[in-house]
Amino acid sequence: MARSANQSPSPFSLWGLRRFLRPHSVALSGAALAMTMRAMVLLVLPWPLKFVVDSVISQKPLPIWLAGFLPDPIVHRVALLDVLGITMLLFAVADSALAYIGGRWLLRVGQRAVFDIRRLLFAHLQRLSLAFHRRQKSGDLMARLGGDIQTLQDFVVSMGTGLFAHLLTIVGMAGIMLAIDWRYALVVIAAVPLLLVITQRHTRRLKQAFRLARRKEGELWSMAQEIIVGIPVVQAYGRESFEEGRFREHAEESLDAALEANELQMRFTPLIGGLVAAAVGVAVWYGASQVLAGHITTGELLVFLAYLRGMAAPLRQFAKLAGTFSKATVAAERLGDIFAEEPDIRDAPDAIHLSSCAGALEFRSVSFGYRPNESVLKDISFRVDPGQTVALVGTTGAGKSTLVSLVPRFHDPVEGRVLLDGHDLRDLQLTSLRNRIALVLQEALLFHGTVWENIAYGRAGAGREEAITAARAVGIHDLVEGLRDGYDTRIGERGGGLSGGQRQCLSIARAMLRDASIVILDEPTSGLDAFSERRVLEALNRLTIGRTTLVIAHRLATIAKADRILVVDHGRIVQDGPHAQLLAQGGHYAELWQQGYHTPSMSTTQEAV
Ligand SMILES: Nc1ncnc2c1ncn2[C@@H]1O[C@H](COP(=O)(O)OP(=O)(O)OP(=O)(O)O)[C@@H](O)[C@H]1O
């Protein structure tokens, strides 16, 4: 797997989120404006109370800058109280309204950004090569597409509604308190730097804990997915209790890691709470003594205490924010790992579009291995003329599937070249190459949807009529018509509700619709009963007429029909020729034949030939 050179380990950091937020700058600015206004409202919120105490109750004169706007505290005491009361109510309403508006906008921005990240990640995942997908556990990918991206959304929202507004409030309150009485203000604010240092230290530990928790959760999903996909085997072998135990073990590990992370976060909350409570205690004591000494008024003390309360909430929020921040950093790292993966099968900058294709295939001194210094294919050379059918035979693990996987460029040769109509495959545009190839695999992979949709999947833009034409062309129209709702029969996930033979017939019709020049068949009839096999063979015969065909075969029916047979042994081609010639030659092929290579369905397939 190629990681792009000169890339930092995690190109998708929290900071990288900006890229996804930028398209929503209008909504973000709106949210920021609402939050700023809210912070200002929070700043002025306690002031009417100060004037109620100082001017309405204690009858102190209003400050000069306010005297022109408000009723006189001595002459119009009750009127002043009314105005202050209404002002308090208006401030409270404005506070709630602005919090709602800002929060709503942020939530929308967060959701849109998450949608974009998820879409991009999915598109990226689909382009990563088969080697990546074989290595990566799909359950873990699901966990990243789901939970990790959701964590980022929570981060955007809580950072916006929490940190941004709270920081503004704290800074504003600190400024006003300093202006009223700087000594008292310093006593109150002294806790803030201490709090920030503790938060920062704590965040580092939290990140580690959340990293482990997310990894364990990814492993759990991978395992659950594997068991659910393999449920027929689990049930057939009566391994339910064993799998239950295995799942519980993994789930417990995941639970322990999550508990540990949450425990760490929870422990932090009382710590912050205690610190804030101590700061409030000192402030009340010091403030009261300042009032007694006549340095500040009772109203001002109330403003201080209200501010302190206003600051305590966001400060306590830091504990929560530290958790959100840590989780989001870990989520961004995990997404970054995927974004950092680059498809190792890519178009060359000057790749040729394959507009027409005769189907002449050639392997020229090809070697390949999945790992360095481990050759699976060694110096493979052969040619297939357009329209020829070549069967690949060999013992298990000989390298047959690997060999055919080089044709659609699921992998590239380590040495040598694969050529199509004289072009090195690496010089061709990948999509135009793959458009020329139809695959029928051992296990027909169908998707949830109708029968015709599954056939039409063979070519982008194909409709119901084309699907029916393809089904007719491979001779399975009557088979489809015989299904419950014909072409509109809905099939479940991975072709659920159909027999193996029916599934394979549909996948052949799908390949037919593709109208490709090259057909690759990877043991398409294995595991089928005699009747199904005959249908599938009939369909395959029709599919392969006039197309270059590579077929991995174990059955006489398929092998004998081939123009040539390549015998693969330990990654090399050891024999090449028609069936009768190879049998007469003796050697590996004859040995395989005698050992019963073809026996699983020889009697049935012979009927079909
Ligand atoms: N994705 C992979 N990563 C690493 N090694 C692999 C991978 N796929 C196959 N191999 C190895 O490559 C060798 C050839 O495997 P391949 O599937 O091509 O054999 P085959 O001839 O098709 O076998 P079979 O008839 O059993 O399907 C085997 O030793 C196998 O273990």
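Residues numbered from 1 in each chain as written. Predicted model: local features only at pLDDT ≥ 70, side-chain atom pairs only at ≥ 80, totals over all residues. Heavy atoms only, no water.

Time to look at the overall build of the protein. Counting its secondary structure elements, the protein contains 23 helices and 14 strands. Taken over the C-alpha trace, the protein has a radius of gyration of 36 Å; the compact-globule value for 609 residues is 25 Å, which it surpasses by more than 25%. Taking the principal axes of its C-alpha atoms as reference, the protein extends roughly 120 × 55 × 50 Å. The buried share among the 609 residues of the protein stands at 48%. Accessible surface for the protein amounts to roughly 30300 Å². Of this, 59% is attributable to carbon and sulfur atoms. In the protein, the 64 positive side-chain charges and the 58 negative ones have mean positions that sit 6 Å from each other. (Helix = DSSP H or I, 4+ residues; strand = E, 2+ residues; numbered from the N terminus. Rg over C-alpha atoms; globule rule 2.2 N^0.38 Å. Buried < 20%, exposed > 50% of the residue type's maximum accessible area, 1.4 Å probe, protein only. Areas by Shrake-Rupley, 256 points an atom, 1.4 Å probe, with all protein chains shown as cover. Lys, Arg positive; Asp, Glu negative; His and termini not counted. Charge placed at Lys NZ, Arg CZ, Asp CG, Glu CD.)

Attention now moves to the site of the ligand. Contacts to the ligand come from 13 residues, most closely from T396, G399, K400, S401 and T402. Take Y370: an N or O atom from its side chain is 3.5 Å from a nitrogen atom of the ligand. At 3.1 Å from an oxygen atom of the ligand is found a main-chain nitrogen or oxygen belonging to A398. Isolated, the ligand exposes 630 Å² of accessible area, and the fraction of that covered by the protein chains is 63%. Examining the composition of the shell around the ligand, we find that three residues originate from one element, helix α13 (residues 400-405), more than from any other. Each residue belonging to the shell around the ligand can be placed in one class, and the counts come to three nonpolar, six polar and four charged. (Near = heavy atom within 4 Å. Polar contact = N/O pair within 3.5 Å; in protein donor to acceptor, adjacent residues only side chain to side chain. Nonpolar A, V, L, I, M, F, W, Y, C, P; charged D, E, K, R; others polar.)

With 15 residues, helix α18 (residues 500-514) ought to run about 21 Å at 1.5 Å a step, and its terminal C-alpha atoms sit 21 Å apart, in line with that. Summarising burial for α18: twelve of the 15 residues are buried, a large majority. For α18, the complete set of buried residues consists of G501, R503, Q504, C505, L506, S507, I508, A509, R510, A511, M512 and L513. (Expected span 1.5 Å × (residues − 1).)

In this section: the pattern of salt bridges. All told, the structure shown has 24 salt bridges when counted by the stated rule. Among the ionic pairs, E243 bridges to R246, the shortest N-O distance being 2.8 Å. Taken together, the positions of E243 and R246, both in helix α11 (residues 240-292) and three residues apart, correspond to about one turn of that helix. Relative accessible area serves as the criterion here: at 13%, E243 is assigned to the buried category. Between D424 and R426 there is a salt bridge, and its shortest N-O distance comes to 3.5 Å. Given a relative accessible area of 7%, D424 falls into the buried group. Linked through salt bridges whose partners overlap, the residues forming this network are D148, R214, E217 and R334. (Salt bridge = Lys/Arg side-chain N within 4 Å of Asp/Glu carboxyl O.)

If you walk across this open sheet you meet the four strands as β4-β3-β6-β7, and the pairing is antiparallel. Strands at the two margins of the open sheet, each flanked by one partner only, are β4 (377-384) and β7 (423-424). Here strand β3 (residues 361-368) pairs with β4 via five bridges, running antiparallel. Counterpart to F363 in the pairing with β4 is F382. (Pairing = 2+ DSSP bridges.)

Given 3.6 residues per turn, any residue in an α-helix points the same way as the ones three and four places further on. Among all positions of helix α22 (residues 587-594), only Y589, A590, L592 and W593 are buried. The buried residues of α22 occupy an angular sector of 160 degrees when projected down its axis, which confines them to one face. (Arc of directions from axis to C-beta.)

Time to look at the confidence of the model for the protein. Confidence in the prediction of the protein, expressed as mean pLDDT, is 81, and 91% of residues score 70 or more. For residues 1-11, every residue scores under 50 in pLDDT, and the model assigns this stretch 23 contacts once sequence neighbours within four places are set aside. Contacts of residues 600-609 to residues separated by more than four positions or lying in other chains number 15 contacts, the stretch itself having pLDDT below 50. (pLDDT = per-residue confidence, 0-100. Contact = heavy atoms within 4.5 Å.)

This part covers the environment of E243. In sequence terms E243 and A224 are 19 residues apart; their C-alpha atoms lie 9.3 Å from each other. Setting aside its immediate chain neighbours within four residues, E243 contacts M223, I227 and V234.

As summarised here, the arrangement of the six strands in space is β8-β11-β12-β5-β13-β14, forming an open sheet in which the pairing is mixed. Edge positions in the sheet fall to β8 (437-440) and β14 (572-577), since each has one partner strand and no second. Going across the sheet, the axis of each strand differs from the next one's by a mean of 20 degrees, ignoring polarity. Examined bridge by bridge, strand β5 (residues 389-393) and strand β12 (residues 548-552) share four bridges and lie parallel to one another. Pairing of T389 across the sheet is with T549, part of β12. Packing of α22 onto the sheet brings it into contact with β5, β13 (564-569) and β14, and relative to β13 it is tilted by some 85 degrees. (Axes fitted to C-alpha atoms, helices over the stretch in contact; angles between N-to-C directions.)

A word on the packing of helix α9 (residues 191-229) against α11. Put simply, α9 and α11 touch, their axes get as near as 9 Å, and they point 165 degrees apart. With respect to each other, α9 and α11 are oriented roughly antiparallel. By crossing handedness, the relation of α9 to α11 is classed as left-handed. Of the residues that constitute the contact of α9 with α11, the class distribution is 25 nonpolar, six polar and eight charged. (Parallel < 35°, antiparallel > 145°, perpendicular 65-115°, else oblique. Left-handed = near helix turned anticlockwise from the far one by under 90°.)

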